[in-house]
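A look at the structure
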Amino acid sequence: MRSHAAEGWDCPFCRVAHGEEGEGPWTKRSDVIYHDANLTAFLSPHFWQRNPGHVLIIPNRHYENLYDMPDDLLGKVAVLSRQVALAMKRAYGCDGTSMRQHNEPAGNQDVWHYHLHVFPRYTGDDLYRSSATLTTPEERRPYADRLREALQVMDVRVAEGPVARSDAGRAV
Ligand SMILES: [Zn+2]
């Protein structure tokens, strides 16, 4: 499968997985709610109008999209998505949850590193016809804190912090 990333593209999600902080409003370590040897989950910098605090789950290793993902890693993503969804139920009191995942430009993918969106849903929120706005790390922090707390209560292993680049993606 050919890559849609431009030559020399600097992948922002690899930087998140390796514990590096983005500039300005982009992802900080305070946005990361879960991290292990394989996966990282963090608050999306974009909030949908009536669904604030949605989460992105990424593999720490760079895979462009669903087509490239190893089966065992996809299984781990599915399990973590359930844990994040349940944490949202607990932390936000949302009525439901939704997952969204995009592949290739025609599939609305815009970052060339596999990511699964986990959204909190509310009755009548009209998610699929509303738009997103870029938030600040300060706006996201209370959502991240509440999700981390919920994961802790649920006894989901909470990371001590992103691993260094040299350790990322190593087998456990
Ligand atoms: Zn990447």
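Placed above this text is the structure.
All of the points below concern the structure found in this document. (Residues numbered from 1 in each chain as written. Predicted model: local features only at pLDDT ≥ 70, side-chain atom pairs only at ≥ 80, totals over all residues.)

Observations regarding the overall build of the chain
Scanning the chain from terminus to terminus reveals three helices and seven strands. Each helix and strand of the chain, placed in order from N terminus to C terminus, yields the pattern α-β-β-β-β-α-β-β-β-α. Taken against the 2.2 N^0.38 rule, which gives 16 Å for 172 residues, the C-alpha radius of gyration of the chain at 15 Å falls within 12% of a compact globule. With respect to the three principal axes, the spread of C-alpha positions in the chain is 40 × 35 × 35 Å. (Helix = DSSP H or I, 4+ residues; strand = E, 2+ residues; numbered from the N terminus. Rg over C-alpha atoms; globule rule 2.2 N^0.38 Å.)

Some thoughts on the environment of glycine 96
Positionally, glycine 96 belongs in strand β5 (residues 96–100). Taking the C-beta count within 10 Å as the criterion, glycine 96 has 13 such neighbours and is therefore assigned partly exposed. (Buried ≥ 20, exposed ≤ 12 C-beta atoms within 10 Å, placed from the backbone.)

Re the sheet that holds strand β6 (residues 116–121)
Sheet strands line up and pair through hydrogen bonds in the backbone, either parallel or antiparallel. The sheet built from five strands is open, its strands ordered β1-β2-β4-β6-β5 with antiparallel pairing. At either margin of the open sheet sits one strand with a lone partner, and together these are β1 (32–35) and β5. If you compare each strand with its neighbour and ignore which way they point, the axes differ by 20 degrees on average. Pairing of strand β2 (residues 39–43) with strand β4 (residues 55–59) involves five bridges; the strand directions are antiparallel. Pairing of alanine 41 across the sheet is with isoleucine 57, part of β4. The strands touched by helix α2 (residues 71–92) are β1, β2, β4, β5 and β6; relative to β6, the strand with the most contacts, the crossing angle is about 25 degrees. Contacts from helix α3 (residues 137–153) reach β1 and β2, with the element oriented near 35 degrees to β1. (Pairing = 2+ DSSP bridges. Axes fitted to C-alpha atoms, helices over the stretch in contact; angles between N-to-C directions. Contact = placed C-beta atoms within 7 Å.)

Describing α2
Taking 1.5 Å per residue, 22 residues should reach 32 Å; α2 reaches 31 Å between its end C-alpha atoms and fits that length. Restricting attention to buried positions, one finds in α2 the residues Val77, Leu80, Ser81, Val84, Ala85, Ala87, Met88, Ala91 and Tyr92. Buried residues along α2 cover an arc of 165 degrees about the axis, so they all sit on one side. Exposed side chains of α2 directed beyond 90 degrees from the buried face belong to Asp71, Asp72, Gly75, Ala78 and Val79. In this structure, the buried residues of α2 make contact with β1, β2, β4, β5, β6 and α3. Note on α2: the residue one or two positions beyond its end, glycine 93, has a positive phi of about 70 degrees. (Expected span 1.5 Å × (residues − 1). Arc of directions from axis to C-beta.)

As for the nonpolar core
Formed by 31 residues in total, the largest nonpolar core has its most connected members in Ile33, Ala41, Val55, Ile57, Val84 and Leu147. Residue assignment for this core shows that the elements contributing at least two residues are α1 (12–17), β1, β2, β4, α2, β6 and α3. The greatest single-element share of this core, amounting to eight residues, is contributed by α2. Once residues within four sequence positions are removed from consideration, leucine 147 is found in contact with Ile33, Ala87, Met88 and Ala91. (Core = buried A, V, L, I, M, F, W, Y, C linked by C-beta atoms within 7 Å.)

As for the packing of α2 against α3
In a pair of packed helices, the angle between the axes and the distance between the axes together describe the arrangement. Two elements in contact, α2 and α3, have axes separated by 8 Å at closest approach and are oriented at 110 degrees. Considering the angle they form, α2 stands roughly perpendicular to α3. Touching Gln83, Ala87, Met88, Arg90 and Ala91 of α2 are Arg146, Leu147, Glu149, Ala150, Leu151 and Val153, all from α3. (Parallel < 35°, antiparallel > 145°, perpendicular 65-115°, else oblique.)

Observations concerning the pairing of β2
Burial analysis of β2 places five of its five residues in the buried class, which makes it a mostly covered element. On β2, burial covers both faces: Leu39, Ala41 and Leu43 on one face and Thr40 and Phe42 on the other are all buried. Bridge count for β1 against β2 is three bridges, and the pairing is antiparallel. Its bridge partner lying in β2, histidine 35 is registered against threonine 40.

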